[in-house]
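Inside the fold
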Amino acid sequence: MACVRVCPADAVAVEGAIVRIVDEACTRCGLCLPACPHDAIEALGDVPRALELALAGRAALILSVENAVYFYPANPNQVVNACYAAGFRTVHRGVLGDELVAQEYRDLWADGDWGTMIRSTCPVIVETVRRQYPELIPYLAPVATPIAAEARYLKQLYGVGTPIVYAGVCLTEGGPDVDAAVTFEELEGMFRRRGIVVAEQPEYFTRVPEERRRHLSMAGGLPLEVLLEETQASRRFRKVRGLGGLAAIAHAVAVDRLDLGFVDILPCEGCLDHPLLGPRDELFRRREIVGATEPARSRLPVVEEAVARGVQVAESFRISPNGRRPQAEAVDAVLKEIGLAPNGKPWDCGACGYSTCRAFANAAALGRTTLKSCPPYLDKQARQAQLQAAVDGLTGLATYRVLRDRLATEVARSDRTGDPFAVLFVDLDNFKKVNDEFGHEAGNEVLRGAARECGAHIRTTDLAARYGGDEFVLVLVRTRVDGALGVADKVRATVEGMGRTLGYPEGLVTVSVGVAEFVPGRGPETEDVLVAADRALYRAKASGRNQVATGER
(Lines give C-alpha, C1' and ligand atoms only; values in the text may rest on other atoms or scores of the structure.)
Protein backbone atom coordinates (compact mmCIF):
# COMPACT_ATOMS: atom_id res chain seq x y z
CA MET A 1 0.00 0.00 0.00
CA ALA A 2 2.48 2.62 -1.20
CA CYS A 3 -0.14 5.36 -1.31
CA VAL A 4 -0.94 4.76 2.37
CA ARG A 5 2.73 4.72 3.29
CA VAL A 6 3.53 8.11 1.76
CA CYS A 7 0.35 9.98 2.77
CA PRO A 8 1.27 12.37 5.62
CA ALA A 9 -2.39 13.18 6.33
CA ASP A 10 -3.61 9.59 6.76
CA ALA A 11 -6.20 10.40 4.09
CA VAL A 12 -6.12 7.09 2.19
CA ALA A 13 -8.86 4.72 3.31
CA VAL A 14 -8.50 1.00 2.57
CA GLU A 15 -11.64 -1.12 2.82
CA GLY A 16 -10.93 -4.60 1.52
CA ALA A 17 -10.18 -4.28 -2.19
CA ILE A 18 -11.48 -0.68 -2.31
CA VAL A 19 -9.10 2.24 -1.77
CA ARG A 20 -10.44 5.78 -1.59
CA ILE A 21 -9.28 9.27 -0.68
CA VAL A 22 -10.84 10.82 2.44
CA ASP A 23 -11.54 14.33 1.11
CA GLU A 24 -12.01 15.97 4.49
CA ALA A 25 -8.57 14.76 5.61
CA CYS A 26 -6.64 15.17 2.33
CA THR A 27 -4.25 18.15 2.16
CA ARG A 28 -3.68 17.72 -1.62
CA CYS A 29 0.07 17.34 -1.19
CA GLY A 30 0.15 15.00 -4.22
CA LEU A 31 2.63 12.48 -2.77
CA CYS A 32 0.27 9.56 -3.40
CA LEU A 33 0.10 10.13 -7.17
CA PRO A 34 3.62 9.00 -8.14
CA ALA A 35 3.64 6.43 -5.33
CA CYS A 36 0.60 4.53 -6.63
CA PRO A 37 1.87 1.67 -8.84
CA HIS A 38 -1.53 1.36 -10.54
CA ASP A 39 -1.91 5.01 -11.65
CA ALA A 40 -5.27 4.87 -9.90
CA ILE A 41 -5.13 8.37 -8.35
CA GLU A 42 -5.84 11.53 -10.31
CA ALA A 43 -5.62 15.22 -9.42
CA LEU A 44 -8.80 16.86 -10.66
CA GLY A 45 -9.48 20.58 -10.75
CA ASP A 46 -12.66 22.45 -11.58
CA VAL A 47 -12.38 22.29 -15.38
CA PRO A 48 -16.08 22.96 -16.22
CA ARG A 49 -16.07 26.13 -14.11
CA ALA A 50 -12.71 27.30 -15.50
CA LEU A 51 -13.89 26.69 -19.07
CA GLU A 52 -17.12 28.54 -18.40
CA LEU A 53 -15.25 31.56 -17.01
CA ALA A 54 -12.77 31.56 -19.91
CA LEU A 55 -15.58 31.48 -22.49
CA ALA A 56 -17.27 34.42 -20.76
CA GLY A 57 -14.15 36.50 -21.49
CA ARG A 58 -14.02 38.22 -18.09
CA ALA A 59 -11.74 35.93 -16.07
CA ALA A 60 -8.20 36.74 -15.00
CA LEU A 61 -5.81 33.78 -15.12
CA ILE A 62 -2.95 33.27 -12.67
CA LEU A 63 -0.55 31.06 -14.58
CA SER A 64 2.22 29.74 -12.33
CA VAL A 65 5.77 30.03 -13.65
CA GLU A 66 6.16 26.24 -13.71
CA ASN A 67 4.20 26.23 -16.97
CA ALA A 68 7.55 26.75 -18.70
CA VAL A 69 8.48 23.20 -17.65
CA TYR A 70 5.16 21.51 -18.43
CA PHE A 71 4.74 22.99 -21.91
CA TYR A 72 8.43 22.76 -22.85
CA PRO A 73 9.74 23.04 -25.59
CA ALA A 74 7.04 25.65 -26.25
CA ASN A 75 8.19 28.91 -24.66
CA PRO A 76 6.19 30.82 -22.00
CA ASN A 77 5.22 33.48 -24.52
CA GLN A 78 3.36 30.87 -26.58
CA VAL A 79 1.61 29.53 -23.48
CA VAL A 80 0.42 33.03 -22.51
CA ASN A 81 -0.80 33.64 -26.08
CA ALA A 82 -2.70 30.33 -25.97
CA CYS A 83 -4.38 31.45 -22.71
CA TYR A 84 -5.53 34.66 -24.34
CA ALA A 85 -6.78 32.70 -27.33
CA ALA A 86 -8.76 30.48 -24.93
CA GLY A 87 -10.70 33.56 -23.80
CA PHE A 88 -9.01 34.79 -20.63
CA ARG A 89 -9.19 38.55 -20.14
CA THR A 90 -5.71 38.86 -18.67
CA VAL A 91 -2.88 36.46 -17.77
CA HIS A 92 -0.64 36.98 -14.73
CA ARG A 93 2.31 34.89 -13.57
CA GLY A 94 1.99 34.93 -9.75
CA VAL A 95 4.75 37.50 -9.36
CA LEU A 96 2.49 40.18 -7.88
CA GLY A 97 1.34 37.81 -5.14
CA ASP A 98 4.94 36.90 -4.33
CA GLU A 99 5.77 40.59 -4.07
CA LEU A 100 2.85 41.36 -1.76
CA VAL A 101 3.69 38.43 0.52
CA ALA A 102 7.42 39.24 0.49
CA GLN A 103 6.69 42.77 1.69
CA GLU A 104 4.62 41.39 4.56
CA TYR A 105 7.38 38.98 5.54
CA ARG A 106 10.00 41.69 5.31
CA ASP A 107 8.05 43.79 7.81
CA LEU A 108 7.72 40.82 10.16
CA TRP A 109 11.42 40.04 9.80
CA ALA A 110 12.33 43.61 10.70
CA ASP A 111 10.20 43.40 13.84
CA GLY A 112 12.05 40.26 14.98
CA ASP A 113 10.25 39.78 18.28
CA TRP A 114 8.36 36.63 17.34
CA GLY A 115 10.23 33.73 18.98
CA THR A 116 8.98 31.12 16.51
CA MET A 117 7.30 31.86 13.20
CA ILE A 118 6.39 29.20 10.66
CA ARG A 119 6.25 30.48 7.10
CA SER A 120 2.80 29.60 5.81
CA THR A 121 2.91 30.48 2.12
CA CYS A 122 2.29 26.84 1.15
CA PRO A 123 -1.38 25.84 1.59
CA VAL A 124 -0.38 22.20 2.10
CA ILE A 125 1.62 23.19 5.19
CA VAL A 126 -1.24 25.32 6.47
CA GLU A 127 -3.79 22.51 6.03
CA THR A 128 -1.50 19.92 7.59
CA VAL A 129 -0.94 22.16 10.61
CA ARG A 130 -4.66 22.84 10.97
CA ARG A 131 -5.62 19.17 10.72
CA GLN A 132 -2.78 17.37 12.48
CA TYR A 133 -0.81 19.90 14.54
CA PRO A 134 -3.30 22.45 15.90
CA GLU A 135 -0.78 23.32 18.61
CA LEU A 136 1.28 25.02 15.86
CA ILE A 137 -1.52 27.26 14.58
CA PRO A 138 -0.53 30.18 16.87
CA TYR A 139 2.97 30.03 15.35
CA LEU A 140 1.85 30.26 11.71
CA ALA A 141 2.92 33.54 10.13
CA PRO A 142 -0.25 35.63 9.72
CA VAL A 143 0.28 35.98 5.99
CA ALA A 144 -1.88 34.81 3.10
CA THR A 145 -0.50 32.50 0.42
CA PRO A 146 0.94 34.29 -2.64
CA ILE A 147 -1.85 33.10 -4.96
CA ALA A 148 -4.54 34.22 -2.52
CA ALA A 149 -2.81 37.61 -2.22
CA GLU A 150 -2.58 37.94 -6.02
CA ALA A 151 -6.24 37.00 -6.44
CA ARG A 152 -7.21 39.73 -3.99
CA TYR A 153 -4.93 42.18 -5.78
CA LEU A 154 -6.46 41.39 -9.18
CA LYS A 155 -9.99 41.83 -7.83
CA GLN A 156 -8.94 45.19 -6.43
CA LEU A 157 -7.34 46.08 -9.77
CA TYR A 158 -10.06 44.91 -12.18
CA GLY A 159 -13.11 44.96 -9.92
CA VAL A 160 -14.40 42.77 -7.12
CA GLY A 161 -16.60 40.84 -9.53
CA THR A 162 -13.64 39.65 -11.64
CA PRO A 163 -13.46 35.85 -11.65
CA ILE A 164 -10.02 34.40 -10.91
CA VAL A 165 -8.75 31.12 -12.37
CA TYR A 166 -5.51 29.51 -11.24
CA ALA A 167 -3.50 27.07 -13.37
CA GLY A 168 -0.53 25.33 -11.78
CA VAL A 169 0.73 22.18 -10.11
CA CYS A 170 -0.87 22.57 -6.67
CA LEU A 171 -4.67 22.63 -6.67
CA THR A 172 -4.81 23.93 -3.10
CA GLU A 173 -3.43 27.32 -4.15
CA GLY A 174 -5.66 30.33 -3.70
CA GLY A 175 -8.36 28.72 -1.58
CA PRO A 176 -11.68 30.57 -1.57
CA ASP A 177 -10.11 33.62 -3.24
CA VAL A 178 -9.82 31.65 -6.49
CA ASP A 179 -13.00 30.81 -8.41
CA ALA A 180 -11.53 27.76 -10.18
CA ALA A 181 -8.21 25.90 -10.05
CA VAL A 182 -6.91 23.51 -12.74
CA THR A 183 -3.72 21.58 -13.36
CA PHE A 184 -1.52 22.19 -16.38
CA GLU A 185 -2.78 18.94 -17.86
CA GLU A 186 -6.34 20.20 -17.55
CA LEU A 187 -5.38 23.59 -19.01
CA GLU A 188 -3.90 21.76 -21.99
CA GLY A 189 -7.19 19.87 -22.31
CA MET A 190 -9.06 23.20 -22.34
CA PHE A 191 -6.81 24.31 -25.18
CA ARG A 192 -7.63 21.17 -27.14
CA ARG A 193 -11.37 21.72 -26.67
CA ARG A 194 -10.95 25.21 -28.11
CA GLY A 195 -8.78 23.92 -30.98
CA ILE A 196 -5.69 25.74 -29.69
CA VAL A 197 -2.20 24.27 -30.19
CA VAL A 198 0.40 25.90 -27.94
CA ALA A 199 3.32 25.10 -30.24
CA GLU A 200 1.58 26.93 -33.12
CA GLN A 201 1.19 30.19 -31.20
CA PRO A 202 3.50 33.12 -32.01
CA GLU A 203 6.79 33.06 -30.10
CA TYR A 204 6.38 36.74 -29.21
CA PHE A 205 3.64 38.30 -27.09
CA THR A 206 0.60 39.20 -29.18
CA ARG A 207 -0.58 41.48 -26.37
CA VAL A 208 1.30 43.65 -23.95
CA PRO A 209 2.33 41.17 -21.21
CA GLU A 210 1.50 41.64 -17.55
CA GLU A 211 4.31 42.16 -15.03
CA ARG A 212 6.83 39.31 -14.93
CA ARG A 213 9.75 40.94 -13.10
CA ARG A 214 10.46 40.60 -9.40
CA HIS A 215 11.63 43.32 -7.04
CA LEU A 216 11.53 42.03 -3.46
CA SER A 217 10.62 38.39 -3.76
CA MET A 218 11.96 35.00 -4.53
CA ALA A 219 9.65 32.29 -5.89
CA GLY A 220 7.07 31.46 -3.22
CA GLY A 221 7.11 34.90 -1.63
CA LEU A 222 10.26 34.73 0.51
CA PRO A 223 12.05 38.12 0.61
CA LEU A 224 15.40 38.10 -1.16
CA GLU A 225 17.04 40.12 1.61
CA VAL A 226 16.16 37.44 4.19
CA LEU A 227 18.09 34.85 2.20
CA LEU A 228 21.00 37.25 1.74
CA GLU A 229 21.07 38.29 5.41
CA GLU A 230 20.83 34.87 7.03
CA THR A 231 22.45 31.59 6.09
CA GLN A 232 20.39 28.41 6.13
CA ALA A 233 22.29 27.31 9.24
CA SER A 234 21.36 30.48 11.11
CA ARG A 235 19.66 30.19 14.51
CA ARG A 236 17.21 32.86 13.42
CA PHE A 237 16.33 31.32 10.07
CA ARG A 238 15.72 27.61 9.47
CA LYS A 239 14.90 25.91 6.20
CA VAL A 240 12.98 22.62 6.49
CA ARG A 241 11.78 20.48 3.62
CA GLY A 242 9.24 17.67 3.96
CA LEU A 243 6.03 17.34 5.94
CA GLY A 244 7.80 14.98 8.29
CA GLY A 245 9.56 17.99 9.78
CA LEU A 246 6.31 19.27 11.30
CA ALA A 247 6.32 16.57 13.98
CA ALA A 248 9.78 17.64 15.16
CA ILE A 249 8.80 21.31 15.08
CA ALA A 250 5.63 20.60 17.06
CA HIS A 251 7.62 18.73 19.71
CA ALA A 252 10.27 21.45 19.93
CA VAL A 253 7.73 24.26 20.24
CA ALA A 254 4.88 22.68 22.23
CA VAL A 255 6.84 20.25 24.45
CA ASP A 256 10.41 21.55 24.73
CA ARG A 257 9.27 25.22 24.57
CA LEU A 258 12.08 26.23 22.24
CA ASP A 259 12.20 29.39 20.13
CA LEU A 260 13.08 28.25 16.61
CA GLY A 261 13.16 31.60 14.89
CA PHE A 262 11.84 31.97 11.36
CA VAL A 263 11.05 28.50 10.00
CA ASP A 264 10.72 28.23 6.23
CA ILE A 265 9.00 24.85 5.76
CA LEU A 266 7.64 23.40 2.53
CA PRO A 267 6.39 19.88 1.74
CA CYS A 268 8.96 19.65 -1.06
CA GLU A 269 11.72 21.79 -2.58
CA GLY A 270 9.05 24.01 -4.06
CA CYS A 271 6.48 23.71 -6.83
CA LEU A 272 9.21 22.59 -9.23
CA ASP A 273 9.59 19.50 -7.05
CA HIS A 274 5.84 18.83 -6.85
CA PRO A 275 4.90 15.22 -7.70
CA LEU A 276 2.55 16.39 -10.46
CA LEU A 277 5.38 18.05 -12.34
CA GLY A 278 7.49 14.96 -12.93
CA PRO A 279 10.07 12.64 -11.36
CA ARG A 280 12.40 14.01 -8.73
CA ASP A 281 15.53 13.14 -10.69
CA GLU A 282 14.55 15.79 -13.27
CA LEU A 283 14.39 18.60 -10.70
CA PHE A 284 17.61 20.27 -11.83
CA ARG A 285 16.47 20.19 -15.45
CA ARG A 286 13.22 21.88 -14.44
CA ARG A 287 15.13 24.51 -12.50
CA GLU A 288 17.28 25.26 -15.52
CA ILE A 289 14.21 25.70 -17.75
CA VAL A 290 12.42 28.06 -15.34
CA GLY A 291 15.65 29.94 -14.59
CA ALA A 292 16.18 30.56 -18.29
CA THR A 293 12.74 32.15 -18.60
CA GLU A 294 13.05 34.39 -15.51
CA PRO A 295 13.37 38.05 -16.55
CA ALA A 296 15.86 40.45 -14.98
CA ARG A 297 14.96 41.75 -11.52
CA SER A 298 13.30 45.19 -11.38
CA ARG A 299 15.06 47.96 -9.46
CA LEU A 300 11.73 49.55 -8.57
CA PRO A 301 8.57 48.14 -6.98
CA VAL A 302 6.35 46.30 -9.47
CA VAL A 303 3.19 46.44 -7.36
CA GLU A 304 1.00 49.50 -7.69
CA GLU A 305 1.00 50.99 -4.21
CA ALA A 306 -2.47 52.53 -4.57
CA VAL A 307 -3.96 49.15 -5.45
CA ALA A 308 -1.93 47.26 -2.84
CA ARG A 309 -3.28 49.49 -0.06
CA GLY A 310 -6.72 48.00 -0.62
CA VAL A 311 -5.47 44.39 -0.48
CA GLN A 312 -5.51 42.45 2.78
CA VAL A 313 -2.40 40.32 2.76
CA ALA A 314 -2.57 39.48 6.47
CA GLU A 315 -4.30 36.20 7.30
CA SER A 316 -5.69 34.60 10.44
CA PHE A 317 -6.07 30.88 11.07
CA ARG A 318 -9.03 29.67 13.06
CA ILE A 319 -8.13 27.36 15.94
CA SER A 320 -10.60 24.52 16.24
CA PRO A 321 -10.56 21.40 18.42
CA ASN A 322 -8.97 18.46 16.67
CA GLY A 323 -11.97 16.17 16.46
CA ARG A 324 -10.35 13.74 14.05
CA ARG A 325 -8.39 11.85 16.67
CA PRO A 326 -9.89 8.45 17.40
CA GLN A 327 -11.03 7.28 20.80
CA ALA A 328 -8.26 5.62 22.80
CA GLU A 329 -10.51 2.64 23.56
CA ALA A 330 -11.11 1.99 19.86
CA VAL A 331 -7.37 2.17 19.11
CA ASP A 332 -6.56 -0.22 21.96
CA ALA A 333 -9.21 -2.65 20.70
CA VAL A 334 -7.59 -2.75 17.26
CA LEU A 335 -4.12 -3.25 18.77
CA LYS A 336 -5.48 -6.12 20.85
CA GLU A 337 -6.85 -7.77 17.70
CA ILE A 338 -3.47 -7.45 15.99
CA GLY A 339 -1.56 -8.81 18.97
CA LEU A 340 2.17 -8.63 19.64
CA ALA A 341 5.15 -10.08 17.80
CA PRO A 342 6.99 -13.10 19.27
CA ASN A 343 9.41 -10.71 21.01
CA GLY A 344 6.53 -9.19 22.96
CA LYS A 345 6.66 -5.88 21.10
CA PRO A 346 4.35 -4.44 18.40
CA TRP A 347 4.92 -5.87 14.93
CA ASP A 348 5.49 -2.46 13.26
CA CYS A 349 6.23 -4.32 10.01
CA GLY A 350 4.93 -1.56 7.73
CA ALA A 351 3.30 -4.02 5.33
CA CYS A 352 -0.09 -2.33 5.79
CA GLY A 353 1.34 0.99 4.60
CA TYR A 354 1.62 2.52 8.08
CA SER A 355 4.94 2.83 9.85
CA THR A 356 3.66 1.48 13.19
CA CYS A 357 0.83 -0.70 14.44
CA ARG A 358 -0.47 2.25 16.47
CA ALA A 359 -0.66 4.45 13.36
CA PHE A 360 -2.58 1.67 11.64
CA ALA A 361 -4.88 1.32 14.67
CA ASN A 362 -5.57 5.07 14.64
CA ALA A 363 -6.57 4.88 10.98
CA ALA A 364 -8.68 1.77 11.58
CA ALA A 365 -10.46 3.45 14.49
CA LEU A 366 -11.30 6.35 12.15
CA GLY A 367 -12.68 3.92 9.57
CA ARG A 368 -9.88 4.56 7.06
CA THR A 369 -8.61 1.01 6.94
CA THR A 370 -9.59 -2.42 8.17
CA LEU A 371 -7.84 -5.36 9.77
CA LYS A 372 -7.94 -7.07 6.38
CA SER A 373 -4.95 -4.86 5.49
CA CYS A 374 -2.86 -6.12 8.43
CA PRO A 375 -0.70 -9.18 7.55
CA PRO A 376 0.05 -10.14 11.20
CA TYR A 377 -3.68 -10.08 11.96
CA LEU A 378 -4.44 -12.15 8.85
CA ASP A 379 -1.70 -14.60 9.83
CA LYS A 380 -3.20 -14.81 13.32
CA GLN A 381 -6.62 -15.48 11.83
CA ALA A 382 -5.15 -18.16 9.55
CA ARG A 383 -3.50 -19.87 12.53
CA GLN A 384 -6.76 -19.77 14.44
CA ALA A 385 -8.57 -21.21 11.43
CA GLN A 386 -6.01 -23.99 11.23
CA LEU A 387 -6.42 -24.62 14.93
CA GLN A 388 -10.18 -24.72 14.56
CA ALA A 389 -9.80 -27.17 11.69
CA ALA A 390 -7.50 -29.31 13.84
CA VAL A 391 -9.51 -29.28 17.09
CA ASP A 392 -13.10 -30.39 17.50
CA GLY A 393 -15.06 -27.53 19.02
CA LEU A 394 -17.23 -29.65 21.31
CA THR A 395 -14.82 -32.22 22.69
CA GLY A 396 -11.43 -30.55 22.32
CA LEU A 397 -10.03 -33.65 20.58
CA ALA A 398 -8.37 -33.67 17.18
CA THR A 399 -10.60 -33.65 14.09
CA TYR A 400 -10.94 -36.37 11.46
CA ARG A 401 -8.68 -34.35 9.15
CA VAL A 402 -5.85 -34.48 11.70
CA LEU A 403 -6.53 -38.18 12.32
CA ARG A 404 -6.24 -39.00 8.63
CA ASP A 405 -2.91 -37.19 8.28
CA ARG A 406 -1.57 -38.69 11.49
CA LEU A 407 -2.42 -42.24 10.42
CA ALA A 408 -0.52 -41.75 7.14
CA THR A 409 2.44 -40.40 9.12
CA GLU A 410 2.41 -43.34 11.54
CA VAL A 411 2.24 -45.89 8.72
CA ALA A 412 5.26 -44.28 7.07
CA ARG A 413 7.12 -44.16 10.37
CA SER A 414 6.34 -47.80 11.16
CA ASP A 415 7.54 -48.89 7.73
CA ARG A 416 10.74 -46.93 8.33
CA THR A 417 11.47 -48.01 11.91
CA GLY A 418 9.78 -51.42 12.07
CA ASP A 419 7.75 -50.39 15.14
CA PRO A 420 4.05 -51.31 15.18
CA PHE A 421 1.23 -49.06 16.42
CA ALA A 422 -2.35 -49.68 17.50
CA VAL A 423 -5.69 -48.02 16.74
CA LEU A 424 -8.71 -48.00 19.10
CA PHE A 425 -12.20 -47.32 17.71
CA VAL A 426 -14.47 -46.13 20.54
CA ASP A 427 -18.26 -45.78 20.22
CA LEU A 428 -20.85 -44.73 22.81
CA ASP A 429 -23.37 -47.58 23.08
CA ASN A 430 -26.63 -45.80 23.87
CA PHE A 431 -26.00 -42.22 22.79
CA LYS A 432 -29.28 -41.79 20.87
CA LYS A 433 -31.19 -42.93 23.93
CA VAL A 434 -29.38 -40.36 26.09
CA ASN A 435 -30.35 -37.61 23.62
CA ASP A 436 -33.95 -38.77 23.35
CA GLU A 437 -34.56 -39.15 27.08
CA PHE A 438 -32.39 -36.41 28.59
CA GLY A 439 -31.94 -33.88 25.78
CA HIS A 440 -29.16 -32.84 23.46
CA GLU A 441 -27.34 -30.73 26.04
CA ALA A 442 -27.09 -33.83 28.22
CA GLY A 443 -25.80 -35.71 25.19
CA ASN A 444 -23.14 -33.05 24.66
CA GLU A 445 -22.10 -33.39 28.30
CA VAL A 446 -21.69 -37.15 27.82
CA LEU A 447 -19.63 -36.59 24.65
CA ARG A 448 -17.32 -34.18 26.46
CA GLY A 449 -16.95 -36.61 29.37
CA ALA A 450 -16.15 -39.55 27.07
CA ALA A 451 -13.61 -37.41 25.22
CA ARG A 452 -11.90 -36.53 28.50
CA GLU A 453 -11.62 -40.20 29.42
CA CYS A 454 -10.20 -41.06 25.99
CA GLY A 455 -7.52 -38.39 26.37
CA ALA A 456 -6.77 -39.27 30.00
CA HIS A 457 -5.32 -42.70 29.25
CA ILE A 458 -2.93 -41.92 26.38
CA ARG A 459 0.55 -40.43 26.24
CA THR A 460 1.47 -37.05 24.79
CA THR A 461 2.92 -38.85 21.74
CA ASP A 462 -0.42 -40.58 21.09
CA LEU A 463 -3.50 -39.05 19.48
CA ALA A 464 -7.16 -38.93 20.48
CA ALA A 465 -9.59 -37.75 17.76
CA ARG A 466 -13.30 -37.39 17.28
CA TYR A 467 -14.16 -39.51 14.24
CA GLY A 468 -17.67 -38.15 13.98
CA GLY A 469 -20.92 -38.15 15.99
CA ASP A 470 -20.37 -40.32 19.08
CA GLU A 471 -17.29 -42.14 17.74
CA PHE A 472 -13.67 -41.60 18.78
CA VAL A 473 -10.36 -42.98 17.51
CA LEU A 474 -7.15 -43.35 19.52
CA VAL A 475 -3.76 -43.86 17.85
CA LEU A 476 -1.22 -45.45 20.19
CA VAL A 477 2.38 -45.07 18.96
CA ARG A 478 4.80 -48.02 19.32
CA THR A 479 2.12 -50.11 21.02
CA ARG A 480 1.31 -53.77 20.40
CA VAL A 481 -2.18 -55.19 20.59
CA ASP A 482 -1.76 -56.39 24.18
CA GLY A 483 -0.88 -52.92 25.43
CA ALA A 484 -3.71 -51.43 23.38
CA LEU A 485 -6.22 -53.81 24.99
CA GLY A 486 -5.15 -52.55 28.39
CA VAL A 487 -5.75 -48.91 27.36
CA ALA A 488 -9.07 -49.85 25.77
CA ASP A 489 -10.30 -51.52 28.91
CA LYS A 490 -9.34 -48.49 31.02
CA VAL A 491 -11.28 -46.22 28.68
CA ARG A 492 -14.29 -48.54 28.79
CA ALA A 493 -14.28 -48.76 32.58
CA THR A 494 -13.79 -45.05 33.26
CA VAL A 495 -16.53 -44.01 30.80
CA GLU A 496 -18.90 -46.39 32.57
CA GLY A 497 -17.89 -44.84 35.90
CA MET A 498 -18.33 -41.33 34.47
CA GLY A 499 -21.93 -42.22 33.52
CA ARG A 500 -22.67 -43.30 37.07
CA THR A 501 -21.07 -40.12 38.45
CA LEU A 502 -23.30 -38.00 36.23
CA GLY A 503 -26.35 -39.81 37.64
CA TYR A 504 -27.43 -41.82 34.62
CA PRO A 505 -29.06 -45.25 35.00
CA GLU A 506 -26.71 -48.21 35.27
CA GLY A 507 -25.53 -49.40 31.85
CA LEU A 508 -26.86 -46.38 29.92
CA VAL A 509 -23.54 -44.57 29.43
CA THR A 510 -21.01 -47.13 28.20
CA VAL A 511 -18.67 -47.59 25.25
CA SER A 512 -17.62 -50.45 23.03
CA VAL A 513 -14.02 -50.47 21.80
CA GLY A 514 -12.47 -52.12 18.76
CA VAL A 515 -8.68 -52.63 18.67
CA ALA A 516 -6.47 -53.16 15.61
CA GLU A 517 -2.70 -53.35 15.27
CA PHE A 518 -0.57 -52.17 12.35
CA VAL A 519 2.49 -54.34 11.77
CA PRO A 520 5.16 -53.01 9.31
CA GLY A 521 5.38 -55.12 6.18
CA ARG A 522 2.21 -56.96 7.07
CA GLY A 523 -0.37 -54.21 7.18
CA PRO A 524 -3.11 -53.32 7.18
CA GLU A 525 -2.56 -49.98 5.37
CA THR A 526 -3.76 -46.54 6.50
CA GLU A 527 -7.46 -46.89 5.80
CA ASP A 528 -7.42 -50.63 6.43
CA VAL A 529 -6.20 -50.25 9.99
CA LEU A 530 -9.22 -48.04 10.67
CA VAL A 531 -11.47 -50.56 8.94
CA ALA A 532 -9.94 -53.36 11.02
CA ALA A 533 -10.57 -51.40 14.24
CA ASP A 534 -14.12 -50.62 13.08
CA ARG A 535 -14.79 -54.34 12.44
CA ALA A 536 -13.45 -55.13 15.89
CA LEU A 537 -15.84 -52.50 17.29
CA TYR A 538 -18.78 -54.31 15.71
CA ARG A 539 -17.54 -57.55 17.31
CA ALA A 540 -17.62 -55.76 20.68
CA LYS A 541 -21.15 -54.50 19.98
CA ALA A 542 -22.26 -57.96 18.94
CA SER A 543 -20.86 -59.37 22.18
CA GLY A 544 -23.35 -57.33 24.19
CA ARG A 545 -21.78 -53.80 24.26
CA ASN A 546 -19.61 -52.30 26.96
CA GLN A 547 -16.95 -54.66 25.62
CA VAL A 548 -13.44 -54.54 24.09
CA ALA A 549 -12.68 -56.69 21.03
CA THR A 550 -9.94 -57.21 18.42
CA GLY A 551 -10.12 -58.57 14.91
CA GLU A 552 -9.32 -62.03 16.23
CA ARG A 553 -11.41 -62.07 19.39
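Residues numbered from 1 in each chain as written. Predicted model: local features only at pLDDT ≥ 70, side-chain atom pairs only at ≥ 80, totals over all residues. Heavy atoms only, no water.

1. Observations concerning the sheet that holds strand 11 (residues 463–468)
Reading across the sheet, the 5 strands line up as 11-12-10-13-14 and stay open at both edges, with mixed pairing between neighbours. A single partner strand is all that each edge strand has here, and the edge strands are strand 11 and strand 14 (548–550). Each strand of the sheet is rotated relative to its neighbour by a mean of 25 degrees, with strand direction disregarded. Examined bridge by bridge, strand 10 (residues 421–428) and strand 13 (residues 511–518) share 8 bridges and lie antiparallel to one another. The residue bridging Leu424 from the neighbouring strand is Val515, located in strand 13. Across the face of the sheet, helix 17 (residues 400–417) comes into contact with strand 10, strand 11, strand 12 (471–476) and strand 13 while running at roughly 130 degrees to strand 11. (Pairing = 2+ DSSP bridges. Helix = DSSP H or I, 4+ residues; strand = E, 2+ residues; numbered from the N terminus. Axes fitted to C-alpha atoms, helices over the stretch in contact; angles between N-to-C directions. Contact = heavy atoms within 4.5 Å.)

2. Overview of the nonpolar core
Burial of nonpolar side chains together is a common tendency in soluble globular proteins. Ranked by size, the top nonpolar core spans 36 residues in total, and within it Leu63, Cys83, Phe88, Leu187 and Phe191 carry the most contacts. Among the secondary structure elements, those contributing two or more residues to this core are helix 3 (47–56), strand 3 (60–63), helix 4 (67–70), helix 5 (76–85), strand 6 (164–168), strand 7 (180–183), helix 9 (184–193) and helix 12 (283–293). Residues within four places of Leu187 in sequence aside, it is in contact with Leu63, Phe71, Cys83, Ala167 and Val182. Within the second largest apolar cluster, 31 residues are counted, among which are Leu397, Val426, Ala450 and Phe472. (Core = buried A, V, L, I, M, F, W, Y, C linked by side-chain atoms within 4.5 Å. Buried < 20%, exposed > 50% of the residue type's maximum accessible area, 1.4 Å probe, protein only.)

3. Focus: the state of the cysteines
Considering all chains together, one arrives at 0 disulfides under this definition. Among the cysteines around Cys349, which has no disulfide bond, Cys352 carries the closest sulfur, lying 5.9 Å off. Residue classification places Cys349 among the partly exposed residues on the basis of a relative accessible area of 46%. (Disulfide = S-S within 2.5 Å.)

4. A few points about the packing of aromatic side chains
Across all of its chains, the model carries 13 aromatic pairs by this definition. Plain terms: the ring middles of Tyr70 and Phe71 are 5.0 Å apart, the flat faces sit at 80 degrees to each other, and that makes the pair edge-to-face. Residue classification places Phe71 among the buried positions, given a relative accessible area of 7%. Geometry around Tyr84 places Arg207 over its ring, the cationic atom sitting 3.9 Å from the centre. One Lys or Arg, Arg236, reaches over the ring of Trp109 and ends 4.1 Å from the middle of that ring. (Phe/Tyr/Trp six-rings, centres within 6.5 Å; stacked < 30°, edge-to-face > 60°. Lys NZ or Arg CZ within 6 Å of the ring centre and 35° of its normal.)

5. A word on empty space enclosed by the protein
The probe, sized like a water molecule, is rolled over the atoms to show the empty space still left. Inspection of the entire model under this criterion finds 5 cavities of 30 Å³ or more. Of the voids in this model, the largest cavity is the one considered here, and its volume is about 60 Å³. In the lining of the largest cavity, the residues fall into 8 nonpolar, 2 polar and 1 charged. (1 Å grid on protein atoms, 1.4 Å probe; cavity = no way out; pocket = protein on both sides within 12 Å on 5 of 7 lines; lining within 4 Å. Points joined across faces, edges and corners; volume = space filled by probe spheres on them. Nonpolar A, V, L, I, M, F, W, Y, C, P; charged D, E, K, R; others polar.)

6. Some details on the environment of Val65
With respect to the helices and strands, the residue Val65 is situated in the loop between strand 3 and helix 4. Look at Val65 and you get buried, because its relative accessible area is 15%. Considering only alpha carbons, one finds Val65 and Gly220, 155 residues apart in sequence, at a separation of 11 Å. Ignoring sequence-local partners within four residues, the contact set of Val65 consists of Arg93 and Val290.

7. Brief notes about the sheet that holds strand 8 (residues 237–241)
With parallel pairing, the 3 strands of this open sheet are ordered in space as 5-9-8. The strands lining the two open edges of the sheet, one partner per strand, are strand 5 (116–118) and strand 8. For this sheet the average axis-to-axis angle between neighbouring strands, irrespective of direction, equals 20 degrees. Bridging between strand 8 and strand 9 (residues 261–266) involves 5 bridges; their strand directions are parallel. Across the sheet, the residue bridging to Arg238 is Val263, located in strand 9. Against the sheet, helix 11 (residues 245–255) contacts strand 5, strand 8 and strand 9, and its axis sits at roughly 160 degrees relative to strand 9.

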